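Residue-level structure breakdown
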Amino acid sequence: MLSIKNLHANIEGKEILKGINLEVNAGEVHAIMGPNGSGKSSLASVLAGRENYEVTEGEVWLDGKNLLDMKPEERAREGVFLAFQYPVEIPGVSNINFLRTALSEIRIHRNLPPLSAKEFLKMTKEKQELVEFEAKLANRSLNQGFSGGEKKRNEVFQLAMLDPKLSILDETDSGLDIDALRIVSNGINKLRSADNAFVLITHYQRLLEYIVPDFVHVLYNGQIVRSGTKELALELEEKGYDWLKEELQGQESINTK
Amino acid sequence: MMEKDDMMLDELANKEYEFGFVTDIDMDISEVGLNEDTVRFISAKKNEPQWLLDWRMKGFKAFQKQEMPQWQNFKMPDIDFQSISYYAAPKKQAKYASLDEVDPELLRTFEKLGIPMSEQKQLAGVAVDVVFDSVSVSTTYKEHLNEMGIIFCSISEAVKNHPELVQKYLGTVVPHTDNTFASLNTAVFSDGSFVYIPKGVRCPMELSTYFRINAENTGQFERTLIIADEDSYVSYLEGCTAPMRDENQLHAAVVELIALKGAEIKYSTVQNWYPGDKDGKGGIFNFVTKRGACRGDHSKISWTQVETGSAITWKYPSLILQGDHSSGEFYSVAVTNNMQIADTGTKIHHIGANTKSRIISKGISAGRGQNSYRGLVQMGSKAKNARNFTQCDSLLIGDQCGAHTFPYIESKNNTATIEHEATTSKIGEDQVFYLNQRGIDAEQAIALIVNGYAKEVLNQLPMEFAVEAQKLLSLTLEGSVG
């Protein structure tokens, strides 16, 4: 589904991604872990098309389509969904009105007929229940006055509504208490299917106890330096990242000798 | 990042005015220039009584003595009052029995503007008094209103048929000496609407008028007078769009509202005069004097305005709260894009005891637009326990526009309460990107954000006007952010 080949990207002239390679197939869940500043959120931003990143090399394909040629809204309509680490507040824009606009754009792109108000409301109700999102939040202004946890849960609610192919969750677990984490994880588990894929960006193994990944990758210094299964996450949890850094630096110094 | 912004700004700048077209109809136009003879010519053309001609003459004399106002936050353009023609009327005289008799060219114009002048309108509860240039062409549903004693007609007709009402109230809220533009209007006003709601009557439909400028070099000087007698209610809508012009056109309307004891008037405007091109060439100068007087106890007037057009908007719908317990509201959204200038706000004079007022102003600046809120809240010595709340917000799009706030407060009363809140914000790239990431393009994203920002004001508009206003906001700001 998603194929990233030798992806390099800069922000303000500084190279942040230094040759990422990643293959994600339908039905899979990949976790990307790594220390602060390793490029995890940058990778999410580049995939979503945030404009202050400049791609200098490499390719990204989504089901055979060149993602890097598309505007952010086109990527979204093609089925890329980014659950933001810090969702913005938009005063006065009702959550529901916003979702209706978004969904209708996506449906037009997918050649689906527009939903009637009744169908839309029915779907809203179903998805709210599925991801345990309160109706009162759905009817408020977009993220305005939401707590950190409510914002994250709104991201998952939107994910449920828009039904993307590829969901990238950028530290969706950060700032969640244990109950909220369980609700968010349950929601995502219910949304998993053989046709979609998830990339979870996280610092902590904790999230992966709830959403079990098929693959775990470690991002360090703009590259994926280690890939494995869920056991890798446990190992990181136990040992931290320092051993990995040391090991890598050791390799580098050997290489440069 | 900057480059992309610039590109978007360019794109916006190149956006043409969508309603710019000219209707080809023979006009009956007075010669250019302004002197006593012009005033007499207009009055004679309209077969006016002597008292009205005398009043026009007083207005003309006041106009000659007055200076152009200089306190506004922009350089007043040079207006050559002698190069303007002060009277234009469609040659085919008005007063048709049905729409079939109206010049089809005219009807097509209205259609392009989306002015709904059809029988179905009745279902929507709207009677439309269409002013095409200066003379009323068609007044609908008059009969139905007549049965209730409601008078809704052109001011010319009112002068003929209800002279006692016109004479009693005309010029009592905005005197002929008020300001340059009001004096000019007094001297040369062409036509406009007149509304009288009798005691205890609740007007069953929204009354609405569409104005449209359509003759080159013809100033438009509308005069509107609305009187709500004791315990009556009326909601009045005014909206306009103008065709594209290369030369500046002056628009100097006067609106007077009078609410007697227990009466309520709601006056809503959507203004979309031609704003000029991206360099500010052409466009309407909109210098309007609007004022309402809450004469009786427990009366109420509310102004709601959505100002998206004009090269210059100079407009301060004001309120005089004379009656005890009377209240006033001012809700405003003003948008400036490209080279547009808006200097708008309100003045509220609290005179009676326990008077209340509320001001919600939302300015939106894009392109190189300059948007000023100017407000005065005055608490008189007898205005015991008077209260005002003012909220004044500015939204900036891009980095070449400006927002300015000039709130004045004067209180001669230590029991009065005055609150003022103000915010300035910028549409963030983060907000736009967030919406992009959900499949919504930049244009639509801006429209959503701006409509959300202005919601508090838009909610005050009657339903169908609110929809029109939302479209206008989106249209005006198309392409303004990347």
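Residues numbered from 1 in each chain as written. Chains lettered and ligands numbered in written order. Predicted model: local features only at pLDDT ≥ 70, side-chain atom pairs only at ≥ 80, totals over all residues. Heavy atoms only, no water.

On to the interface of chain A and chain B. By a widely used convention, the size of an interface equals the accessible area lost when the partners come together. Contact residues are listed per partner, giving 32 residues for chain A and 21 residues for chain B. Roughly 2200 Å² of surface becomes buried between chain A and chain B when both sides are summed, with 61% attributable to carbon and sulfur atoms. Contact with chain B buries area across many residues of chain A, yet A:E51, A:F84 and A:V88 alone supply 23% of it, more than any other trio. On the surface where chain A and chain B come into contact, there are 2 salt bridges. Between A:R50 and B:D430 there is a salt bridge, with its nearest N and O atoms 3.2 Å apart. The interface formed by chain A and chain B contains 12 residue pairs in polar contact (both at pLDDT 80 or more). Breaking the side of chain A that touches chain B down by element, the ones donating at least two residues are α2 (72-78), β6 (80-83), β7 (90-94), α3 (95-109) and α6 (148-162) of chain A. Take the side of chain A that touches chain B: its biggest share by element is 6 residues, from α3(A). Residues of the side of chain A that touches chain B, tallied by class, amount to 18 nonpolar, 7 polar and 7 charged. (Contact = heavy atoms within 4.5 Å. Buried area = accessible area lost by both parts, 1.4 Å probe. Salt bridge = Lys/Arg side-chain N within 4 Å of Asp/Glu carboxyl O. Polar contact = N/O pair within 3.5 Å; in protein donor to acceptor, adjacent residues only side chain to side chain. Helix = DSSP H or I, 4+ residues; strand = E, 2+ residues; numbered from the N terminus. Nonpolar A, V, L, I, M, F, W, Y, C, P; charged D, E, K, R; others polar.)

For the structure shown, the criterion picks out 17 aromatic pairs over all chains. Taken together, B:W71, B:F181, B:F285, B:F287, B:W314 and B:Y316 form an aromatic cluster joined through their ring pairs. We note A:R100 situated over the ring of A:F120; from NZ or CZ to the ring centre the distance is 5.4 Å. Positioned over the ring face of B:Y233 is B:R202, at 4.0 Å from the centre of the ring. (Phe/Tyr/Trp six-rings, centres within 6.5 Å; stacked < 30°, edge-to-face > 60°. Lys NZ or Arg CZ within 6 Å of the ring centre and 35° of its normal.)

Along the chain, A:T172 turns up in the loop between β9 (166-170) and α7 (178-191). Apart from the residues within four sequence positions on either side, A:T172 is in contact with A:A83, A:K152, A:V156, A:V184 and A:I201.

The next subject is α7(A). All names here are of chain A. For α7, with 14 residues, the first-to-last C-alpha span of 20 Å sits near the 20 Å given by 1.5 Å per residue. For α7, the complete set of buried residues consists of A180, L181, I183, V184, S185, G187, I188 and L191. Taken together, the buried residues of α7 touch α4 (117-130), α6, β9, β10 (197-201) and α8 (206-210). For α7, the N-terminal cap is D177; the gap from its side-chain oxygen to the backbone nitrogen of D179 is 3.1 Å. (Expected span 1.5 Å × (residues − 1). Buried < 20%, exposed > 50% of the residue type's maximum accessible area, 1.4 Å probe, protein only.)

Among the structural elements, A:I108 can be located in helix α3. For A:I108, a relative accessible area of 57% gives the class exposed.

Moving on: the sheet that holds strand β5 (residues 65-66) of chain A. Residues and elements named next belong to chain A. The strand order across the open sheet built from 4 strands is β2-β1-β4-β5, with neighbouring strands paired in antiparallel fashion. The two strands at the open ends of the sheet, each matched to only one other strand, are β2 (14-24) and β5. Across 2 bridges, the pairing between strand β4 (residues 53-62) and β5 is antiparallel. Within β5, the position partnered with L62 by the bridge is K65. (Pairing = 2+ DSSP bridges.)

Residue and element names in this part refer to chain B. Inspection of every chain in the model, using the stated rule, returns 25 salt bridges over all chains. Between R374 and D343 there is a salt bridge, with the nearest N and O atoms lying 2.8 Å from each other. In this pair, R374 sits in strand β20 (residues 370-379) while D343 sits in strand β18 (residues 341-350), placing the two residues 31 residues apart along the sequence. Across the pair, exposure class does not vary: R374 and D343 are buried alike. What you see here is one network of salt bridges that share partners, running through E36, D37, R40 and K61.

Residues at a pLDDT of 70 or more form 77% of chain B, whose mean pLDDT is 81. In the model, residues 91-95 of chain B has pLDDT below 50 throughout and makes 12 contacts with residues more than four positions away in sequence or in other chains. (pLDDT = per-residue confidence, 0-100.)

Right, let's get into the pairing of strand β19 (residues 356-365) of chain B. Remember that side chains alternate between the two faces of the sheet whenever the strand is regular. All names here are of chain B. Counting buried positions along β19 yields 8 of 10 residues, so the element is predominantly enclosed. Across 10 bridges, β19 lies against strand β21 (residues 387-396) in parallel orientation. Paired with I364 across the two strands is L395, which belongs to β21.

What follows concerns unusual backbone geometry. Even without a glycine there, the phi angle at A:N221 is positive, about 50°. Along the chain, the position of A:N221 falls in the loop between β11 (215-220) and β12 (223-228). Taking relative accessible area as the criterion, A:N221 reaches 40% and is therefore assigned partly exposed. Of note, B:D231 is a non-glycine position whose phi angle comes to about 55°, a positive value. You can see B:D231 is positioned in the loop between β8 (223-228) and β9 (233-241).

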